[in-house]
Each structure stands twice: as structure tokens, then as C-alpha cells.
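Next come the chains, spelled out residue by residue.
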Amino acid sequence: MVAKSEASMNFENSVLSYFGELEDPRNAINLTHPFINIVSIAILATICGADDWVAVETYGYSKRVWLETFLDLSNGIPSHDTFGRVFRWLDQEVFQLKFAEWTALICQATEGEVVAIDGKKLRRSGDSRHKRDGIWMVSAWASENRMVLGQRKVDEKSNEITAILQLLAKLNLSGCIVTVDALNTQTTIATQIIDAQADYIMAVKGNQGTLYEDLQLLFEGFETELYQNVSYETARTINQAHGREEYRQVWVVTAPEYRQYLRQNKKWAKLHSLIKLVTVRYQPLKDKLETSTRYFISSWHATADEFLHAIRDHWQIENGLHWVLDVAFREDESRIRKGHAPANMALLRHIAVNLLKQESTAKVGISNKRKRAGWDNDYLERVVCS
């Protein structure tokens, strides 16, 4: 037995005790390592920089003295094969549900908060030998709390739309503004968001039949008439950063008579607002000018300024989550592929992202927070007990 020379962590007040309540997926015979050890070490190691099961095992050996202050390690540190088997067998849906319950405890989505829904592919989780493509994970991101509220793996024989519907069914979104990209602008998703007592903002592109064409023609008509006799609101912002200038202006039309110009308007639950957004980006050093026009539909009763900010908040899921997973957690390099393991490792990363973002005393990025947690047990305890 290694001597216990370090102060014990307050295990019961940590996230580890919560996820330790998951049911052990292994056969009850000849269990060498307690399930709580495997889950706890995996969570801690992921926070501290581990990106695969070998790294998780290595973390366990390097921190054994400290881990023994709150875990029974009389049978040693589990091997990387043990970690791999357990998370390959652990039911991903049960793990995801437990995650959603945990986030509901530590993060209550506030009235009017933008919740962005988007998917991300784990690029190297595919297996060409067995003709399996890399998995897609759909996540819900709370813009104000800057946390993952929940996620869902897209089933191999299904699609992202089905996964989003399943994810929405598990979340408490009452009073929130749910945003989706054009791929997921679907009447079924709009209806489920309304049924959840939330509002939607949906991007519109050419994949929506007549919807894009109708919006384009409608706003072109408004512009031809210089918006005369049209009830509308507009708002604009001008930003300068990273050597470029960005101008954004939004027009919002809510008069019921104009919604009738959309041939399929009755299919969209509680449709209220028609939106056009023009973005102009100028890079002085390159003398480069870019202009883009996008359209949206929404059930939300809001001002043009509120729409302008909510639409921009949607892209926080790219910078606040997807970019962090790719850069700080090297998610696209992960070769974990078997069984439920890819989805469960993705969820371990989401646990780590939420905890590291909630910890606010260290004024550094996520990558350096992971390093500090690996070096400093006191800081790690602050992260998991926050």
C-alpha cells in the first residue's frame, strides 16, 4: 500500500460521486476494480489532459498517492484495456441522460437564454476496415452559461434531425430561444421546440423548398419599395477586430399579412418573425470586401436588436465548444472507435469542458487550465467540486 501523504479530496461534494451512481455494465463476477474508480479516474484524467485510455491509465499511476486518499486502490490502477472495455460497454444513452441531469443541477437555462443546437463529427472515430463512418454528436450549448446542456449521438441508420428531436425531448428549455442551422430547419423540430415552451430561430437556405425563394422575393420587394408602408424593425452593429471591420444589419417583419406570402407558412408552429441579415466584412490590409445575406424564420416576439444578438450568439457553439474540443482536447485526432466508447469519451470531454469553464479563478484558456489541473491537485479539486 502506498503511503497516504496528501490531503483527501471532498469526494462526496464532487462531480465524481454523481457519475459514480451509474450502473456498472460489467458482469458481477471477478470484478477487480470498483466501477467508481474507473469512472472517477477517467473524468479526472480527461480534465487533466488525457485524450485516450493509455493516457488515462498513465494519469492514474502518476497520481496514485493522491487518488488513494479518496478511492480504494487496493487492487491497483485499472489498465487501459479495462478502461476501454468499461466505456465500450457502458450504455451511452444512460450516460447522456445522467449528464443532462447533472447539468440541470448546476446550470439552469435562464429565461430568454439562447440555446444553440449543432452537430459535430468525430473525424477519426470511423473504421474503414469495417466500413463504419465517424460518429456525429449533436450538442445543446447554453450561450449565457457557456455550458453543454446535453448531447446525443446520431445513430448510424438515422440522421441529425432525429437526434435533435431526441435531444430536445430530454432538456428543460422553457423560456429559452433555440437556434439551429439551415440543415435542421424542419417543421418537426420547430413544433417540438414550441411544445417545450421555448421559441425558435431557424436559418433558411435552399434546402427548404419554396421557403428560401419566398423570403428572398418578399424582402426584395420591400427593398424595391424602400420599405414604405411596411411594418418592420431594423438594427445594426459595427465591429472592428483582428484587422477587419464587420457591419451587420438585420430587418425584422412581423405583420401577419406578409407571412401569407410564404406558401408553406402554416406548417411552421407559431411562426411570427421573418428576418433578413446582411453582413459586410472589410479587410483594409487586403482591400477585400465580402458581403453575405441570410434569412431566418422565428416564433420569437423580440426587437430587431435582440434578434441581431441572438443570431450571433448561435455561433458561440463553434467557438466556445467545437473549437475548444478540436484544439484543447484534440477530439478530431481521437481514434477511439469500438462500441459505445467514442460517444462516451466525447461525453467525458463535455464534462471536462463544463467544469473547466465553470472554474473562473484561473484567468487562462482551457488548454492551460487542463495543464494546471494535472499539476496542481488543489486546483483540480476546485474544478471538480465547483
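Think of each chain on its own: its residues are numbered from 1, step by step along the sequence as written. Under the rules for a predicted model, residues below a pLDDT of 70 receive no local features and side-chain atom pairs below 80 are neither given nor counted, while totals for whole chains, interfaces and linings still include all residues. Excluded from the side-chain calculation are hydrogens and water; included are all heavy atoms of the structure.

Would you take a moment to explain the overall build of the protein for this structure?
Looking only at helices and strands, the protein features 15 helices and 9 strands. Considered along the principal axes of its C-alpha atoms, the protein spans approximately 85 × 45 × 40 Å. Within the protein, the proportion of its 386 residues that are buried is 52%. We call two residues in contact whenever any of their non-hydrogen atoms come within 4.5 Å of each other. Long-range contacts, defined as pairs at least 24 residues apart, comprise 65% of the intrachain contacts of the protein with a sequence gap of at least 6. We get accessible surface area from the Shrake-Rupley algorithm with a probe of 1.4 Å; when it comes to residues, only the shown protein chains can shield them. Put simply, the protein shows about 18,400 Å² of open surface, and 47% of that area lies on carbon and sulfur atoms. Both charge centroids of the protein, one from 46 positive and one from 49 negative side chains, sit 5 Å from each other. A helix here means a DSSP run of H or I that spans at least four residues, while a strand means a run of E at least two residues long, and both kinds are numbered starting from the N terminus. Relative accessibility decides the category of a residue: with a 1.4 Å probe and only protein chains considered, values under 20% of the type maximum give buried, values over 50% give exposed, and everything between is partly exposed. Note on charges: Lys and Arg go in the positive column, Asp and Glu in the negative column, and His and the chain ends are not counted at all. A single reference atom marks each charge: NZ on Lys, CZ on Arg, CG on Asp, CD on Glu.

I'm lost on the side chain of Lys276 in this one. Help?
Tracing the chain through its elements places Lys276 in strand β8 (residues 273–283). The class of Lys276 is buried, set by a relative accessible area of 6%.

Would you explain unusual backbone geometry in this entry?
As a rule of thumb, non-glycine residues mostly have phi less than zero, and peptide bonds are mostly trans rather than cis. Positive phi, close to 55°, is recorded for Leu226, a residue that is not glycine. Its location among the elements puts Leu226 in the loop between α9 (210–224) and β6 (232–241). Non-glycine residue Lys270 carries a positive phi angle of around 50°. Within the secondary structure, Lys270 is located in the loop between α10 (256–259) and β8. Classification of Lys270 as exposed rests on a relative accessible area of 63%.

Which parts of the structure should I look at to understand helix α14 (residues 366–375)?
Given 3.6 residues to a turn, an α-helix orients residues that are three or four positions apart in the same direction. Within α14 the residues assigned to the buried category are Ile366, Lys369, Arg370, Ala373 and Gly374. Summarising the axial view, the buried residues of α14 lie within an arc of 135°, below the 170-degree limit, and thus occupy one face. The secondary structure elements touched by the buried residues of α14 are α2 (35–47), α12 (316–327), α13 (341–358) and α15 (377–384). What the arc covers is the set of directions going from the helix axis to the C-beta atoms.

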